[in-house]
Amino acid sequence: MDFHEVAQRAIGDMPPQTRFRPEDAAAIKEHAELILPLAGEFVTGFYDTLFAHEPTRAVFEEGERAEREKTLTEFLAHAVNGPHNDEFFAWLAFVGPVHVVRRVSNPMMLAMLDYLVLFIMKKFHGHPKAEVITEAFIRFAATLGAIISYGYEVAWQEALQNVVGMPPALVQRMVHEEAQQMFPLRSKREK
Ligand code: HEM
């Protein structure tokens, strides 16, 4: 799996105005001094949320929380300070499959991206730059969601290909044909 390619393909599918842009990265970085001191509260709330819900709590092993909190704190620092280059996006494409291995579902991932956006929205409420910062985080979360969910999909496909031992193009064609049978287009259903 080529993480650079996964990231670039996911970003390429997003209409440009919905993507995380250099202006967004700059707006976030400019307010690092306000955002980074909130890391403790952000991370504690993130894991309190996950540990309070049985399906997400079940993902974690005994005694793992401290290590997870450390990783998420580092993630936030990286997200705020950058550099937001190709390496960064390729690393995000790797983060998706890391979660597949731990049976974290896409709904769990996407829900917690929403947690990130809401956290920032609430913290910056009333701040003169609230709109710019919130928008930047919305685009960040959308881009991250696109890359992670696409990375997830590719990891599944590759794992499936390895299990059934078929060439990728053939597996994709068979899955597509099967999906057409299962969910016929409305135009075909009405004929
Ligand atoms: C906003 C969504 C999320 C982000 C940005 C995020 C970020 C990360 C990052 C950066 C890592 C470390 C990857 C590495 O090894 O370098 C990680 C690991 C992990 N995350 Fe998340 N995560 C998210 C959501 C979740 C959710 C919803 C769960 C569980 C319900 C979860 C459970 C884990 C676990 C168990 C690991 C350790 C994986 C391992 O065994 O190495 N994460 N996460």
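Above this text you will find the structure in question.
Residues numbered from 1 in each chain as written. Predicted model: local features only at pLDDT ≥ 70, side-chain atom pairs only at ≥ 80, totals over all residues. Heavy atoms only, no water.

Engineer: Even after reading the chapter, I still don't get the overall build of the protein chain, so can you show me in this structure?
Structural biologist: If you tally the helices and strands in the protein chain, you get 11 helices and zero strands. Start at the N end of the protein chain and walk to the C end: the helices and strands fall as α-α-α-α-α-α-α-α-α-α-α. With respect to the principal axes defined by its C-alpha atoms, the protein chain has extents near 55 × 40 × 35 Å. The proportion of buried residues among the 191 residues of the protein chain is 37%. For the protein chain, contacts bridging at least 24 residues in sequence account for 78% of all contacts bridging at least 6. The distance from the centre of the 19 positive side-chain charges to the centre of the 26 negative ones in the protein chain is 6 Å. (Helix = DSSP H or I, 4+ residues; strand = E, 2+ residues; numbered from the N terminus. Buried < 20%, exposed > 50% of the residue type's maximum accessible area, 1.4 Å probe, protein only. Contact = heavy atoms within 4.5 Å. Lys, Arg positive; Asp, Glu negative; His and termini not counted. Charge placed at Lys NZ, Arg CZ, Asp CG, Glu CD.)

Engineer: How do you make sense of the packing of aromatic side chains when you look at a structure like this?
Structural biologist: For any two aromatic rings, the description comes down to two numbers: the centre-to-centre distance and the angle of the planes. By the definition in use, this model includes 17 aromatic pairs. For the ring pair Phe 20 and Phe 89, a centre distance of 6.5 Å and an interplane angle of 70° mean the geometry is edge-to-face. One end of the pair, Phe 20, is in the loop between α1 (3-13) and α2 (22-30); the other, Phe 89, is in helix α7 (residues 86-101), with 69 residues separating them in the sequence. Both residues of the pair, Phe 20 and Phe 89, count as buried. Here a set of aromatic residues connected by ring pairs shows up, and it is made of Phe 20, Phe 75, Phe 88, Phe 89, Trp 91, Phe 137 and Phe 140. In this arrangement the basic side chain of Arg 65 is found over the ring face of Phe 51, its NZ or CZ atom lying 5.2 Å from the centre. (Phe/Tyr/Trp six-rings, centres within 6.5 Å; stacked < 30°, edge-to-face > 60°. Lys NZ or Arg CZ within 6 Å of the ring centre and 35° of its normal.)

Engineer: For this particular structure, what's the right way to read the packing of α7 against helix α9 (residues 130-164)?
Structural biologist: Packed helix pairs are specified by the crossing angle of their axes together with the interaxial distance, meaning the distance between the axes. The interhelical angle for the contact between α7 and α9, taken along N-to-C directions, is 55°, at an axis separation of 8 Å. Between α7 and α9, the angle falls in the class oblique. With respect to the hand of their crossing, α7 and α9 are arranged in right-handed fashion. Of the residues in α9, those in contact with Phe 88, Phe 89, Leu 92, Ala 93, Val 95, Gly 96, Pro 97 and Val 100 of α7 are Phe 140, Thr 143, Leu 144, Ile 147, Ile 148, Gly 151, Tyr 152, Ala 155 and Trp 156. Each residue belonging to the contact of α7 with α9 can be placed in one class, and the counts come to 14 nonpolar, three polar and no charged. (Axes fitted to C-alpha atoms, helices over the stretch in contact; angles between N-to-C directions. Parallel < 35°, antiparallel > 145°, perpendicular 65-115°, else oblique. Left-handed = near helix turned anticlockwise from the far one by under 90°. Nonpolar A, V, L, I, M, F, W, Y, C, P; charged D, E, K, R; others polar.)

Engineer: What should I look at first to understand the site of the ligand in this one?
Structural biologist: Close to the ligand lie 20 residues; Arg 68, Thr 71, His 99, Arg 102 and Met 109 are nearest. At 2.8 Å from an oxygen atom of the ligand is found a side-chain nitrogen or oxygen belonging to Arg 102. Looking at the shell around the ligand, the element that brings in the most residues is α7, giving five residues. (Near = heavy atom within 4 Å. Polar contact = N/O pair within 3.5 Å; in protein donor to acceptor, adjacent residues only side chain to side chain.)

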